[in-house]
Number of protein chains: 2
Amino acid sequence: MAKRLLDHVGIVTADISTAVRFWRDGLEMGVKMEERNDEEAVDIVFIDAGGDRTIELIAPTTEDSGIAKYLNKKGQGQHHVCIEVDDIEAVMARLTAQGFELINEAPRRRHDGTLYAFTHPKSTGGVMVELYQKPE
Amino acid sequence: MAKRLLDHVGIVTADISTAVRFWRDGLEMGVKMEERNDEEAVDIVFIDAGGDRTIELIAPTTEDSGIAKYLNKKGQGQHHVCIEVDDIEAVMARLTAQGFELINEAPRRRHDGTLYAFTHPKSTGGVMVELYQKPE
């Protein structure tokens, strides 16, 4: 059976220190990794949500980044849900064939080799879904 | 170590049939359960996101329910993230002691015996978190 696995949830916050205090100190969940991504102009903190499950906290580092605009328009809260698949190109082709809109026409590649692509929330009943295909 | 596990993500949609079509037919993920909850005035569809991981699709069935008001105010999208814990009262006491605001003062109980409570998104850096303690 094809893999379909809730991998992580991305949450946009205007206040990364409060968010980290809540998840790390309040809920006593570990920090897996922190990074500043200058290309996307975001700070990201990955919270360990059990085994391979992750909460991704995202905060803009500039006033005019994509995430800053999202925050101004939509407010704080959940940004995307990521589903791990083992056949990202097949899933993307199937979604397109069924009339669902993708943000990326082809998968993009992270530095660790993970392929990823986003679906447009307009066509999915309201949520942005990220697809992940991790390297074997 | 205390259990802290991403259990499910709740997504509010105005159009449950599009949402189900996306998750079930587009992404080929199974439907675990569908229910109409008249007390909360919602239709809920649980999508299998791998083992014990779940996507919870939520749609209002009336114009004046809590979820209908949420939808009018915030729009479609993610509504809450649920973390399973094994000590919900201790987690709630800790959060309160640290100044985080809870929506429920005491845990509530679902028909299957699961205890649950929500934190207020204002005090957590932007997201509503549900805590779950499943029966042993």
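Residues numbered from 1 in each chain as written. Chains lettered and ligands numbered in written order. Predicted model: local features only at pLDDT ≥ 70, side-chain atom pairs only at ≥ 80, totals over all residues. Heavy atoms only, no water.

**Here we look at the packing of aromatic side chains**
Applicable threshold: Note on ring pairs: Phe, Tyr and Trp rings are taken, using the six-membered ring of Trp, and paired if centres are within 6.5 Å. Classes follow the plane angle, with under 30 degrees stacked, over 60 edge-to-face and the rest tilted. Here a strand is any run of E in DSSP of at least two residues, a helix any run of H or I of at least four, and the numbering for each starts at the N terminus. Only protein chains enter the accessibility calculation, which uses a 1.4 Å probe; a residue whose area is less than 20% of its type maximum is buried, one above 50% is exposed, and one in between is partly exposed. Put simply, a charge is over a ring when the Lys NZ or the Arg CZ is close to the ring centre, within 6 Å, and near the line of the ring normal, within 35 degrees.
Under the definition given, this model contains six aromatic pairs over all chains. Taking the centre distance of 5.2 Å and the plane angle of 80° together, the rings of Phe22(A) and Phe100(B) count as edge-to-face. Of this pair, Phe22(A) sits in helix 1 (residues 16-26) while Phe100(B) is found in the loop between helix 3 (88-97) and strand 6 (108-109), placing the two residues in two different chains. Taken as a pair, Phe22(A) and Phe100(B) share a single burial class, namely buried. Among the aromatic residues, those joined into a ring-pair cluster are Phe22(A), Trp23(A) and Phe100(B). Taking NZ or CZ as reference, Arg110(A) lies 4.0 Å from the ring centre of Tyr116(A), over its face.

**Focus on the sheet that holds strand 1 (residues 4-12) of chain A**
Residues and elements named next belong to chain A. Definition in use: Strand pairing follows a simple DSSP-based rule, namely that at least 2 bridges must link the two strands. Contacts are assigned to residue pairs that have any heavy atoms within 4.5 Å of one another. Fitting a line to C-alpha atoms yields each axis, with helices limited to the stretch in contact; the angle taken between N-to-C directions then spans 0 to 180 degrees.
Ordered in space as 2-3-4-1-5-8-7-6, the eight strands form an open sheet in which the pairing is mixed. The sheet is open, and its two edges are formed by strand 2 (31-37) and strand 6 (108-109), each paired on a single side. Pairing of strand 7 (residues 115-118) with strand 8 (residues 129-133) involves four bridges; the strand directions are antiparallel. Bridge pairing in strand 8 places Leu 115 opposite Gln 133. Packing of helix 2 (residues 66-74) onto the sheet brings it into contact with strand 1, strand 3 (42-48), strand 4 (54-60) and strand 5 (77-85), and relative to strand 4 it is tilted by some 90°.

**Some remarks on the side chain of Thr119(A)**
Along the chain, the position of Thr119(A) falls in the loop between strand 7 and strand 8. Taking relative accessible area as the criterion, Thr119(A) reaches 1% and is therefore assigned buried. Setting aside chain neighbours within four positions, we find Thr119(A) in contact with Leu95(A), Glu101(A), Leu102(A), Ile103(A), Thr124(A), Val127(A), Met128(A), Val129(A) and Phe22(B).

**What about the sheet that holds strand 2 (residues 31-37) of chain B?**
Backbone-to-backbone hydrogen bonds join strands into a sheet, with any given pair of strands oriented parallel or antiparallel. Residue and element names in this part refer to chain B. Read from one edge to the other, the open sheet built from eight strands follows the order 2-3-4-1-5-8-7-6, with strand pairing classed as mixed. Two strands bound the open sheet, and with one partner strand each, they are strand 2 and strand 6. Sheet topology places strand 5 (residues 77-85) next to strand 8 (residues 129-133); four bridges connect them, and they run parallel. Within strand 8, the residue paired with Glu 84 across the bridge is Tyr 132. Along the sheet, helix 2 (residues 66-74) makes contact with strand 1 (4-12), strand 3 (42-48), strand 4 (54-60) and strand 5, crossing strand 4 at roughly 90°.

**Let's talk about the confidence of the model for chain A**
Note the following rule: Residue-level confidence of the predictor, termed pLDDT, takes values from 0 up to 100.
Model confidence for chain A is summarised by a mean pLDDT of 92, while 99% of its residues fall at 70 or above. The ipTM value of the predicted complex is 0.89, and its pTM value is 0.90.

**Here's the deal with the interface of chain A and chain B**
Where we set the bar: Buried area is calculated as the accessible area (1.4 Å probe) missing from two parts once they are joined, with the contributions of both summed. The salt bridge criterion pairs a side-chain nitrogen of Lys or Arg with a carboxyl oxygen of Asp or Glu, the two atoms within 4 Å. We call two N or O atoms a polar contact when they sit within 3.5 Å, provided that within protein one can donate a hydrogen and the other can accept it, with sequence-adjacent residues counted only if both atoms are side-chain atoms. Side-chain classes follow a simple rule in which Ala, Val, Leu, Ile, Met, Phe, Trp, Tyr, Cys and Pro form the nonpolar group, Asp, Glu, Lys and Arg form the charged group, and the remainder, Gly included, forms the polar group.
The partner chain B presents 44 residues to the 44 residues of chain A that form the contact. When chain A packs against chain B, close to 3,900 Å² is buried across both sides, 60% of that on carbon and sulfur atoms. Together, Phe22(A), Arg53(A) and Gln78(A) form the three largest contributors to the area buried by chain A at its contact with chain B, with a combined 18%. Put simply, chain A and chain B have six salt bridges between them. In this structure, the connection of chain A to chain B is made through 21 residue pairs in polar contact (both at pLDDT 80 or more). Elements that contribute at least two residues to the side of chain A that touches chain B include exactly strand 1, helix 1, strand 4, strand 5, helix 3 (88-97) and strand 8 of chain A. In terms of residue count, the dominant contributor to the side of chain A that touches chain B is helix 1 of chain A (seven residues). Here the side of chain A that touches chain B is composed, by residue class, of 20 nonpolar, 16 polar and eight charged.

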